[in-house]
Structure formats: structure tokens, C-alpha cells
Amino acid sequence: MKSIFIAAALFTAVSAFSQTAVNSSTFGMMEARWLGPGTMSGRITAIEGVARDGKTIYVGTAGGGIWKTTNAGASFKPVFDRYCQSIGALAIDPKNPKIIFAGTGESNMRNSVSIGDGIYKSTDAGENWTKLGLDKSEHIAKIVIHPQQTDIIYVAVPGALWSSSKDRGLYKSVNGGKTFEQILFISDEAGCADVSVDPEHPDTVYASTWEFRRKPYSFNSGGNGSGMWKSTDGGKTWRELKNGLPAKPFGRIAFTLAPSAPQHMVAIVEAAETGLYISADGGENWKKQSATMNVVSRPFYFSTIVIDPKDPKRVYRPAFSFAYSNDGGYSFAEASNEGGWVHSDHHALWINPNNTNQMYLGTDGGVYYSLDRGATWNFVQGLPVGQFYHAAVDDRKPYNIYGGLQDNGSWTGPSAAPGGVSNANWKSLYGGDGFWVQPDPADINTVYAEYQGGNISRINLISKKAVNIKPQQAPGEEKLRWNWNTPIVLGAANKKNLYMASQYLYKSIDQGRNWNRISPDLTTNDKKKQEQENSGGLSADVTSAENHCTIFTLAESPLDEKLIWVGTDDGNLQYTTDGGKTWTNVAAHYAKAGIPAQTWVSSIEASRFDRNVVYATFDNHMYGDHKTYLATSNDMGKTWKQLTSGEFTGFAHKIRQDLVNKDLLFLGTEMGLFASTDGGQQWFRMKNKIPEYVLARDIQIHPRTHDLVIATHGRGILIVDDISPIRNLKKETAEKDVVLFPMAPVTLTMGQFGDGGFPGTGGWVSGNPPAVPPIKYYLKDRVNSGEVKVDIFDATGKLVQSIPGAKRKGVNMVSWNLSMKPPKVASGGTKIDFSGFLAPMVLPGDYTIKLKVADSVYTTKVKLVHDPSDKNFTLEDRKKQYKAATDLYQLHERLAAVVDTINDRQKMLKENMAKVTDSSLKKSMQSYHDELEKLRTECLASKQKSLFVDEKKLREEITEVYSGVTGQEAAPSNLQLQRITTLQAEVKKKEEEQKQVLKKYDVWVKDRLRQEGVTGPKEKKGF
Amino acid sequence: MKRLILSFLFAAAAFSVQAQTAEEIVSKHIEAIGGADNWRKVNSVKMEGILQANGADVSVTVTVLHGKGMRQDISVMGMNGYEFVTPTEGWSFMPFQGQQQPEPKTAEDLAESQDKLDAQGSLIDYAKKGHTLEYLGKEDVEGTECFKIKIIKKGGSPETIFIDPKSFYVLQSKSTVKANGQEVEVVTSYSNYEKLTEGIVVSKSMTLPFGELNLTKVEINGTVDEAIFKK
């Protein structure tokens, strides 16, 4: 009894402690940049649009959540980032388009398919979501809403892919999703794959059931549980439809009815001979039609068939490619590639019911839209939902990221680019499904990439020519077994070592020209798990996706190239300490820590701090077990300890230890990215613009920039720039209210890139990392009261800049552009003079940063240095440029003073003019005003009649030279300097002229005003 | 025994969830910012501040006369622009955006802008004003787990506010502004809360998408010449 209370108290203490300890909020402004790209996008699983406006469209993705556009696809934003990212189905209430249902867990049951956690509802057009239930559904294929009584909803749940389940079948809600009833259940093995409601007789409901199962080494689609069903009482009773359909067993059935003539139905029935069937009487009788391979191919993966909302004869079959029929499905034609290639493998189609020429197609490579009923297609470039499997980085400046994606080949793109990283910056390297890509650290023009089943090539980055370097079976060896996602790994200790693996481990030290097999078969070599030729069920599907008893992951110790770890998909975890001569299997040891045997070893991290320390992740979801398995050993695998956390969700893909702080760990799972700063005792979910349930497949830390690079399976590449503040954050530091971090010397620069010039023309563009290291500080809590400000002083104590400070909890960043405060420019005129936004960059030297947080001040120093390697801009050049820029700066301020005085007097004259009765005084005042006005209009541009009339007066003349000199990283030219001298003379002239005018009128006018009993404005000091 | 404790814990948890209604959170918020009585006395607000954008200072003055008018003056390097709204008309003149002369607000913009005439903020007597509240659970706002509340306004677009459970101040608001047939989401973060002599607490620092506005002066119930709400 007492112990329970102590436990409860302890629990409270721990959770209280973990609140003040480091967590996601500690990262503060260190938020992820979404690199995308949008150029290859990713698998789309559901598209629904608002019929009323035809431009509000929701896109459900395989691993990137839900994206919404309100402009027919010109731009998108994600609306489901706090929830499960795998979307199976979407539905919009036809009466109230703000009500949206989202079923998680896509039902394109490929080997890499993710898993959902139920159905969600939004009542405000996607802004907020509530989970309704069906938590154990795992996969949802379709949601259909009753056309009139929109509280009635049908949900087709195929259910679990990797295990038996009672939570499958057809569900119905009669109260808008508050509760669901299972209204069609076949068996633990067969779920519901499709559902339709007759819009004219909504009690008539059709459903197809599907028996299917995946194992790690095989796939089966088909069984007696599959069938075609009809109910005429809203799902109370069901009757199986058989007339004219082929002999059972069936596999997956995709079907639809014509919304404008619901008796007309088409179905693709997977059977011994898969075929296309048509019914003209509401499914009572079916007739087989001849169909192309495309129309009937891969039913488990291509389960979409749609009939035009208005025209019952127009049938669409998005499948491997896009097919359409004009005669109710008797014959099909294929979409043209006239408007560009359309990515293969289609899963979703939305047709605007009010304009049936307009439609949106979801493929394995993003969304396309058509304005001509699907004959030609345009690619939507702004959806960054690529499904990376792995990522690697190189050491160029800026560094590049490399990676392979589901059905989208292998790509490389820069971490920064002029104007931001856009689709155009990404380059395709290799085809097929992409997985591992490794840039050769010793040869900057060489990269290794692969497509499924171990088909590796050495690719020249300039010519993009590829040389196949796949190791071949040697005499006396068993047939080579390559994983779908075959590891290609570079040595962590010796970068020249290139590894790849089938059931054997291969090593090359000459870029794959020659390979040495350095292991025996390291798998269990269980023959029962090697019958892939029979995979698929009713439809053969042999793609290497089910290859098993293969090596899946490997790692060379950063401390010793002879120490290599290998993990297999059938549970073996082996190491060698002699470069492969002898191997030790530690599978039995990790099992003792509670990790199931035969688990897929998904990643291994050999510590760079201690050769005996190793971390590994284990993925057992293919046996229906979704737990997060992460374990570590500090005795070379003899004993293991599981690292666990209540925060963990999703099966584990990747463990990464920081390069500097051994206690900083990152874990990527199917449902989130997690971090620990204490060696794995406590973990927190990473947020900060990282979707909370992101499919985090791979993690890299860049050794030079300290960036965290995350390869996601649905959100492309995410980068958290420079994680060193977290790396260096000590627990006691985190307990302090405010910490201003010390700054390393900063090289003076106007940025990494020039302006580029041409604005972006759409597509996905991610921001760049900061060009100048920001000033960083830590706040234990958000500052709600009092000011936060950063002041920068030069070595003489002069205030150079003052910047409002961020006030977030965690790490805050303030960008100083290394410049002074912009000059005060002559005010008024017809245009904003942008000199008012421009300031000379300061000179190298020591500067003091003062952070003011409410009443406290924190101080640190920063040394600004000139880059001596820049031959085009020497220190001498810099000094000359600074001198010229500050000379011009002063000219602006002097001219501003002249104009201020003019404005001041003009204001006084205008205010008093009406009060004056004496006509001679009035006349003088008018002359005074006019002479000032003449002078003013010589000082700055005052006329503007159109956008392209650039009136140029003295202010604008100064700006031309000032903006040139201030913005250049070069010494001023001879003519720039000459111009400054001229302008100095002109400003002096204006100062003189202004004095003359004042001398002529000012005292006299003011005296007269006083005599008139009118009080003028107060005299300004110094004039 | 264990089960008993557990069920007690669950009951407690359920109770605390239930306790967080929108009404209660908002009433705590109103207490935190000075109480409804003090806010009800507010008839006019004049705020002056500096917006730092791209290193340059933009001076901003906002004047609200409760229920009668709102005017905003913006000055950038001697170039002056303004916007005002009354119950019946609205005009804007933003020469920095290339406008040559003042332009009237469209009927839609005018309707959307009516909330700006509320000098007390929409939460004071929200029910009387015809607004309703919806509690949407907790959500992380820049690292602080906040209460999320949607204000469904009588006119205009709904606004979502995020209230800090410690201070009960609003840390952030999100609204969708409809303009020219487009929807733009505006996110504003609030800080530098300060208690004024009138007993009310106001945010003197607002982070907008294009910069931070720091108020230098806040005047409550000063005289407002209604002539400023005319073109």
C-alpha cells in the first residue's frame, strides 16, 4: 500500500522534473525547414474537393498527412500535422463542406504501407480535428456519407495487414461519427475494401470484402472471405452478389456506380482470372468485358474506379496508368503524355461535379490535374510529400542531401540555394524505387545509388552515367537474396570502404570495381521464408518486395574499420572484429532483453565514443507488433538493455547518436521523431515544425554545420539547422531563467548568395539557413511581461544596432545583419527611399552584445572577422568600402536635416497662413513657402505619375551610389568615389541654400507673426 | 486497493478535463488582464508604437472609439498612410503599397472589420456581443502548452486564441482575414504585458508576420475627435 503511494509520488516527481528538463520546447526557434522537394512529391491516397467552389481541395497522403488548397492547387498547406500521417480516406459532408472526415492508415497494401490509428473529424474545414474512434482499424479504405442524412456515415475498414483482427469490416455511424457499429463482418482475415451508396435510394448500399495478409516474406490477396455484397436496408441485412461474376475465391474488388444512373455499375474483380465486370441492374447481374492489362492489373494496389458524376458512360480507371472509357467501360483509352509525363501508380481521383472537365489525380508521385476530362495532365508542384527511405550528406558548401524514395528514384539537392531551395535545385540520379544513396567522400563526382533488389550503380554526378556494380553470385554460392531496400553503406572509420549486402556482406575499396565477400550467410537462411516466387495470392506479385532472409542494415565502427555490425530482416545481429574473418551472432542476447526473436533489425549505431557500445532498433510490425524497440549494449552485444519511454509511438526505424555529445540521441519511428539528452533515460517527442507523428526513416547529423537532417517517408527532407545549442546545453544551464550563449567568431559576409533576381514561379521552395550565425539565448519560460531587446555596441561603446528580441520558451535566435542602423533619409516624397532600410556593414573588431530581458541585462562578446581567403575583397578593400558607405550615409543624414527644417517651416507657415490678416505678411509667407518648396523638390523626388517614372533628385542620386557601395563586397570604383565628392558638394550647396532662404525670411516672418498676435512654433535648438 | 487508487486518479483526471470549459478559461483570462469591470470602463484606446521592419522604424498609431470608429495611421520615412472604419464606412490609403488616393472598403471588408471597433476586446461580455466560444483542447504554441479557444464572432471570421495556463494571458491569436476574395491567415503573438493605471493589463509587444510592433504609449479614455473617422 505504502509502496504504491511512494511509486505515485515518484511518478509525480519524475513527471514534474521532466517538465523542467530539456524537451521539444527547449529547441525554441530551432525549427525544422521543410526542404521537400515538390518536384517528385509522394504517394497520394485520397483527394476530395468542395463541390460548391471547385477550388477547396483536400489531399490525403501515404505518409505526409492531409494538405489543403483553397486555390485549386496553386498552393497547399498541411492541416493534419498533430496526428497520424498515413491517410486512407477522406470525405466531405455534402451539405456542410466544413465537416470533413479523415480515415487514417492507407489501404494500398504494399510492403512499406504505414498504419493508421482511427477516424478523425473536423467541423471547421480542417483547422481542428477530433478523433472519433475505430482506433484498431489500422487501415481505412473509404468513407461514404449519406447524401441527404449526412449524420449517416459508412466506413470501409480492410483492417490489419500483418495480423488477424476482429476490428475489420464495414462500419456505420448514424450520429455523425459519435459511435460506430460494425454492420458487415466476414472473418478475422477478411475486411471491407470498398463501399458505395446509391444516391437515389440511399438505403441501397454495396460493399466488397477482401481477404488478404502480408507476412514479412510473402503476400496473399484472395480467399473465400472476399465477395461482393448488397444491402437494401441501410446495411441491416446483406446479400452476396454472384450472378455473372467469376468463380470464387476473389481477391480485392474495386467497384463504383454511376452517380447519375446508379443502376449502372462497374467492378474490377480479382480472381483466378481478374476481369472487368459491368452491371446494368444494380449488381444483380454482371457481364465480363475484355480489358487491357492496365485496367485489371495489381488489384491490391490499384483499387480506384470512378464514373463521371454526370455522364454514366464515362468511366475512369486510374491504375498503373490512367485509362478512360466513353462507352460505360466496354473500351478504354489511355491518357496522353502531351502535357508531360504522368507518374504511374494511381490511387485517387476527384472530379468536380459542377465542372466535370476538371479533375485531380493522386499517384505514387504526387497530384496532377486535368481540365480536359483526363486526356492530358498538369503536375502540381507544391506538395512536398516525398517518401524517402534514407538520406546521406556530403561536405560541399552548401552541403547536398542525397536519398532514395518510394517509386521516385534517387535524388540530390542542396541544403541552401539562392532564393531558397526550390524544386529546380533537385537533380534526379537514378530510377526505380530509390533507397540508399551514398556520395563518395573521396571523389566528389561519384555517388552510389540503387533500385529495388540490390541493383546498385556507380553514378557520375556530372554526366549522370551509371555503371552497374551489383555483386554477382559466385560458383558454389546460393542464389543471392537482396532486400527490397538493400543497404549501401560507407565506412565510418575508413571512408574508402564501400559495403553492400545480400545474405552475404560485400566490401569494395575501389568504388565497386571489385568486391570481396567478407562474410558467410549471416541470416537464418530459413527456406520456409524464401518462397517469394509464389507471392501475391491470386495475382502473382513478385517484385523483390518480399525478399527475405537478407541483410538489412550494417555499420562500420567509427573507431575501427575491422569492427563491423550487421543486422538482418530475420532477426540476426552479428559482428566481426577482424574485418569479416569471424562473426559473432548476438541475436539470443538481445532477445533476453525482451525483444522478440526474428525481429527485423532496422538500424545499428556503433558508438563513436566507445567501441563496446552499440545501439540498435528492431521493427516487429510485420508480425503485427507495433511496439517501439530500441536497445543498447555496452559490452559488444553480450547484454542488452531496452530504452523505453511512454512517449514512444510507432515501430522503430533509426537510432542516431550525436557526433559530439554521447548522451544526445535521436530515434526515428513510423510515428514520430524522438530525442534524449541523457543517454536514453528520458525521451521527448520532437515538434518545432516536425509533424508530431512524422514517419522518420533516417537521421543524419552534418559534421560541419551540426544540422539535423531527417529523411521522412512522406514529408521529404526536414532540416533543423545547427543543433549545437542543444548539444551543449547542460542540465544546470536549462534550469537557469536566461542564458545568453557565447558566440564563436563571425565572418563578415553579406550572405552566401546574391539576389538571384527572378522571383520564384511556384512549386515548393524552402527557406535557407541563416546566412549569418544568429545571436542565440535560452529562456526557461516565455517572457510575457517586460521587454526583450538585443543591443549591439562596438569597441568604443557606441550603440550600433538595437533589435527586438524573441521571447519564446527555449532557444531564441535574433538575426543581426552585421550592419549599423540605417540612416535617417530625407522624409516625404512620392516613394519610399530604400536607403532607409540599408546600412553599411560594420568593420571587423570586438563587439558587445547586451541582451535585455525585463530588468536584467546579459552580456557576451563577439569577434567579427574579415575573411582573408576572399581575394576579391581584401581587408583594405573592406575599409575603403566602409569609408565610402559611411560618407554616403552621412550625406543622407545631412540632407534629411535640411528637409526636416524645410518641412518644419512649411508646416508652421501652413498652420498660420489662415490666421494672418495682413496681406503683405501673407504674401511673404507664401514666397517663403514657395522658395522652401522649390528647394525641397530639388532635394527629393516629389512627382510621380506612374510606376515607371523615376524622377531623380538629390536624395535619389545619393541612394544610387549609396545602395551600390553599401551592398557590394568590393572596394568602391574610381567613379563611385568621384561621385561621392560631387554629391558632397551638392549637399553642402543645399545646406547653404536652405540657410539663405531662412536668413531671408525666418526671423522677419516670425517677428511679424508675433506682432500679428500669432505665435509661431518653438525655435529648434541649434538653429 | 490499487484499482481504487487508479479509479480515483482517473476520476480526478476526468474532473480536471471537464473543469476546463471555455467560459472558465476566458473568465480567468479576463481576471488576469484586469477584470471585466475595469475593461467595461474603457471607451477609447489610443496606442502609439514603433514597428521594426527590415531595420527601419515604422510609426504606428491606432485609435479606437468604442463602437464608433477605429483609425490606424502608419508613417514610413515621412510617407503617411491610414485606414479607418466606422459602423457605416471604411477607407484606406496606403501609399507604400502604391495607392494613389484613398479607397473605400468593400462591403465584405467593412463587415469583417466591425470587430475592430470594440475597444474592450471581443472577450469582455462576449455573450452579450453575440460571440460564442469553443474550447479546443490544449495545443503547443512555440513551446508553451496553451488552452486553445475559438471565438466565433457575431460578424466576421472566427478567431482562435491561445491562452497560457500559467499567466492566463493570450500568447497568440490566429485569424483568417478575407480580402479581395482571398483568405489570409494572420498570426499575432503577444508579449510584454503591462498593467496600466486604469487597472487593465495590455500587451505592449505584438509580433506580426512582418515585424514586431512595440507600443511606446497607451492612452485610455482620452478625448477622441470623431473627425478622424472621416475621409
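Residues numbered from 1 in each chain as written. Chains lettered and ligands numbered in written order. Predicted model: local features only at pLDDT ≥ 70, side-chain atom pairs only at ≥ 80, totals over all residues.

Another aspect to go through is the overall build of chain A. From N to C terminus, chain A includes nine helices and 68 strands. Dimensions of chain A along its principal axes, counting C-alpha atoms only, are 115 × 75 × 70 Å. Taking all 1023 residues of chain A together, the buried fraction comes to 52%. For chain A, restricting intrachain contacts to residue pairs at least 6 apart in sequence, the fraction spanning at least 24 positions comes to 58%. (Helix = DSSP H or I, 4+ residues; strand = E, 2+ residues; numbered from the N terminus. Buried ≥ 20, exposed ≤ 12 C-beta atoms within 10 Å, placed from the backbone. Contact = placed C-beta atoms within 7 Å.)

Here the focus is the overall build of chain B. Within chain B, the regular secondary structure consists of four helices and 13 strands. For chain B, buried positions account for 31% of its 231 residues. For chain B, restricting intrachain contacts to residue pairs at least 6 apart in sequence, the fraction spanning at least 24 positions comes to 42%.

So, about the interface of chain B and chain A. Taken together, the 29 residues of chain B in the interface contact 28 residues of chain A. With five residues, strand β11 (residues 182–195) of chain B is the single largest residue contributor to the side of chain B that touches chain A. Counted by class, the side of chain B that touches chain A contains 11 nonpolar, 11 polar and seven charged residues. (Nonpolar A, V, L, I, M, F, W, Y, C, P; charged D, E, K, R; others polar.)

This part is about the confidence of the model for chain A. Residues and elements named next belong to chain A. Scored by pLDDT, chain A comes out at a mean of 94, with 96% of its residues at no less than 70. Across residues 1–20 the pLDDT falls below 50, and counting only partners more than four positions away or on other chains, this stretch makes five contacts in the model. Confidence drops under pLDDT 50 across residues 1017–1023; counting only partners more than four residues distant or on other chains, this segment forms two contacts. (pLDDT = per-residue confidence, 0-100.)

What follows concerns the pairing of strand β12 (residues 169–173) of chain A. All names here are of chain A. Counting buried positions over the five residues of β12 gives five, a clear majority of the element. Bridge count between strand β11 (residues 153–157) and β12: five bridges; the pairing is antiparallel. Bridging from a neighbouring strand, Ile153 pairs with Ser173 of β12. Looking at chain direction, β12 and strand β13 (residues 181–184) are connected through three bridges and run antiparallel. By the bridge assignment, Lys172 is partnered in β13 with Glu181. (Pairing = 2+ DSSP bridges.)

Residues and elements named next belong to chain A. Reading across from one edge, β49-β50-β51-β52 is the order of the four strands in this open sheet, with antiparallel pairing throughout. At either end of the open sheet lies a strand with only one pairing partner, and these are β49 (600–606) and β52 (641–642). Pairing of strand β51 (residues 629–633) with β52 involves two bridges; the strand directions are antiparallel. By the bridge assignment for β52, Ala631 is matched with Gln642.

For the rest of this paragraph, the subject is the environment of Ala107 of chain B. Residue and element names in this part refer to chain B. Along the chain, Ala107 falls in helix α4 (residues 107–113). Overall, Ala107 belongs to the exposed group, with 9 C-beta atoms counted inside 10 Å. For the pair Ala107 and Gly90, spaced 17 residues apart in sequence, the C-alpha to C-alpha distance is 9.0 Å.

All names here are of chain A. Looking at the assigned domains, one finds that chain A contains domain 1 (386–470), domain 2 (740–752 + 765–865) and domain 3 (875–1011). Between the C-alpha centres of domain 2 and domain 3 there is a distance of 30 Å. Counting from both sides, the interface comprises 16 residues of domain 2 and, opposite them, 24 residues of domain 3. For the side of domain 2 that touches domain 3, the per-class residue count stands at eight nonpolar, five polar and three charged. (Domains from an automatic or database assignment.)

Residues Ile47, Val155, Ala267 and Leu554 of chain A are the most contacted members of the largest nonpolar core, which totals 237 residues. Both domains that meet at this core, namely domain 1 (386–470) and domain 2 (740–752 + 765–865) of chain A, each give it at least three residues. With residues up to four places along the chain from it excluded, the contact list for Ala267 of chain A reads Met228, Ile253, Ala254, Phe255 and Tyr277 of chain A. One finds Tyr889, Ile958 and Val1005 of chain A together with Val42 of chain B within the second-largest nonpolar core, a separate group that totals 76 residues. (Core = buried A, V, L, I, M, F, W, Y, C linked by C-beta atoms within 7 Å.)

Further remarks concern helix α7 (residues 919–939) of chain A. Residue and element names in this part refer to chain A. The first and last C-alpha atoms of α7 sit 30 Å apart over 21 residues, in line with the 30 Å expected at 1.5 Å per residue. For α7, the set of buried residues is Met925, Tyr928, His929, Leu932, Arg936 and Cys939. Seen end-on, α7 carries its buried residues on one side only, within an arc spanning 95 degrees. Opposite the packed face of α7, turned more than 90 degrees from it, sit the exposed residues Ser919, Ser920, Lys923, Gln926, Asp930 and Lys934. (Expected span 1.5 Å × (residues − 1). Arc of directions from axis to C-beta.)

All names here are of chain B. Looking only at helix α2 (residues 22–32), the buried set comprises Ile25, Val26 and Ile30. Seen end-on, α2 carries its buried residues on one side only, within an arc spanning 140 degrees. Turned more than 90 degrees away from the buried face of α2, the exposed residues are Glu24 and Glu31. The positive-phi residue at the C-terminal boundary of α2 is Gly34, with phi of around 115 degrees.

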